[in-house]
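# Tertiary structure, described
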Amino acid sequence: ELQRALAIVTTAETASIEPPKWLVAPPSNRKKHATLTLLLSDTHFDEVVDPLEIGGLNAYNRRIAEQRLQAWTENAIRMARHYLSGVTYDGVVAMLGGDIFSGDIHDELKESNETVILDSLLHWSEQIAAALGTLADEFGKVHVPCVVGNHGRLSRKPRMKQRAKTNLDWLLGKMVERHYAKDRRFTFDISENADTIVPIYGWGHLLTHGDQVNGGGGIGGIWPPVMRMRARKAQRAMEVGTPFQTMWIGHWHQYVSTPGMVINGSLKGYDEYAWINNFGFEVPQQALAVVTPEHNITFQAPVFCQNRTKEKW
């Protein structure tokens, strides 16, 4: 047995191997078409986060929010143009996923917000319009689907009837739509219900805020209840003939991406609510994906929006 083992070792040591040479195909002259897909949600504009109350992990106010919105716009363009080469973008789908404002649905928000809600609406409609205009200047065409979140509502309790039209997220979308009414680069889908289907190259993308989920506090985290919601929405969509492949949601302030579901982070970042409830820390970030005709979502990444040096905290 030892002799046989030695013979095998000797044969292996004296043998020569010839690795194959992989052939790399030359670059194709055919253009690779794609659509840049972005989700902007949970910005909570004009909420104030005091770093002293959360261990110095984050700060937020109007000035910082403006910087982060600008960083989101610039970094999304940078990722599309410089991190991915050889792609011809047919345009941008810039989804507004709700909770654009923190609102005044809680007394503590009414007391601590930077300003009153109508002033927030006027100011941030201009800022959002500027961000979308920059995307249009870079990519040509911009489609803006919009759903409402739970923080922008005008009532204390969540509404079932007239859910969208009694929410400031809907009104902001309408204001920006009116601003670009004569600009043919823009199309809008300001939904009057909680969901909207966004078809991209025939692939179905469902946009919803994500506050319809119940639970998420157990050891499994948000994943089990979110998957239950997705399964129910997928079943209903199949029954009515509007199937989708990918669901986009916000609300949870945790960036998670899979081909079948994208959960967005937050532009606001970590806050007092997350600190008191011992939630995991996450830097301000928003979801980005590149959708191609052949494979639906082909590339996914977070767009980081925070620069502490510039924000000066």
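Structure: above.
Below you will find a few notes about this structure. What you see is a predicted model; the values in this text were computed from it and never measured. (Residues numbered from 1 in each chain as written. Predicted model: local features only at pLDDT ≥ 70, side-chain atom pairs only at ≥ 80, totals over all residues. Heavy atoms only, no water.)

## Focus on the pairing of strand 4 (residues 186-190)
- The side-chain alternation of strand 4 yields one buried face, formed by Phe186, Phe188 and Ile190, and one unburied face, formed by Thr187 and Asp189.
- Sheet topology places strand 3 (residues 142-146) next to strand 4; five bridges connect them, and they run parallel. Within strand 4, the position partnered with Cys146 by the bridge is Ile190.
- Each parallel crossover has a hand, and the one from strand 3 via helix 5 (residues 168-179) to strand 4 is right-handed. (Buried < 20%, exposed > 50% of the residue type's maximum accessible area, 1.4 Å probe, protein only. Helix = DSSP H or I, 4+ residues; strand = E, 2+ residues; numbered from the N terminus. Pairing = 2+ DSSP bridges. Right-handed = clockwise from strand over helix to strand, strands pointing away.)

## What about the packing of aromatic side chains?
- For the coordinates displayed, the defined rule picks out six aromatic pairs.
- Arranged with centres 5.5 Å apart and planes meeting at 80°, the rings of Tyr89 and Phe139 form a pair that is edge-to-face. On the criterion of sequence distance, the pair formed by Tyr89 in strand 2 (residues 87-96) and Phe139 in helix 4 (residues 117-139) is long-range, its members being 50 residues apart.
- You can call Phe139 buried: its relative accessible area is 6%.
- Note on Tyr180 and Phe186: the rings are 3.9 Å apart at their centroids and 15° apart in plane angle, and the pair reads as stacked.
- Overall, the relative accessible area of 10% leaves Tyr180 in the buried class.
- Among the aromatic residues, those joined into a cluster by ring pairs are Tyr180, Phe186 and Phe188.
- Sitting over the face of the ring of Trp313, Arg308 holds its NZ or CZ atom 3.7 Å from the ring centroid. (Phe/Tyr/Trp six-rings, centres within 6.5 Å; stacked < 30°, edge-to-face > 60°. Lys NZ or Arg CZ within 6 Å of the ring centre and 35° of its normal.)

## A closer look at the packing of helix 2 (residues 62-83) against helix 4
- Two elements in contact, helix 2 and helix 4, have axes whose closest approach is 11 Å; the angle formed by their N-to-C orientations is 15°. In this view, helix 2 runs roughly parallel relative to helix 4, as classed from their interaxial angle. Seen along the crossing, helix 2 lies across helix 4 with a hand that is right-handed. Residues Arg62, Ala65, Glu66, Leu69, Trp72, Thr73, Ile77, Ala80 and Arg81 of helix 2 form the contact with helix 4, whose own contacting residues are Asp119, Ser120, His123, Trp124, Gln127, Ile128, Ala131, Thr134, Leu135, Glu138 and Phe139.
- Class assignment of the residues belonging to the contact of helix 2 with helix 4 gives a composition of 10 nonpolar, five polar and five charged. (Axes fitted to C-alpha atoms, helices over the stretch in contact; angles between N-to-C directions. Parallel < 35°, antiparallel > 145°, perpendicular 65-115°, else oblique. Left-handed = near helix turned anticlockwise from the far one by under 90°. Contact = heavy atoms within 4.5 Å. Nonpolar A, V, L, I, M, F, W, Y, C, P; charged D, E, K, R; others polar.)

## Some details on helix 6 (residues 223-239)
- Here helix 6 is 17 residues long and its end C-alpha atoms lie 24 Å apart, about the 24 Å a rise of 1.5 Å per residue gives.
- The complete set of buried residues in helix 6 reads Pro225, Val226, Met229, Arg230, Lys233, Ala234 and Ala237.
- Considering only its buried residues, helix 6 is in contact with strand 5 (195-200), strand 6 (203-208), strand 7 (246-249) and strand 9 (261-263).
- Within two residues after helix 6, Gly241 carries a phi angle of roughly 80°, on the positive side. (Expected span 1.5 Å × (residues − 1).)

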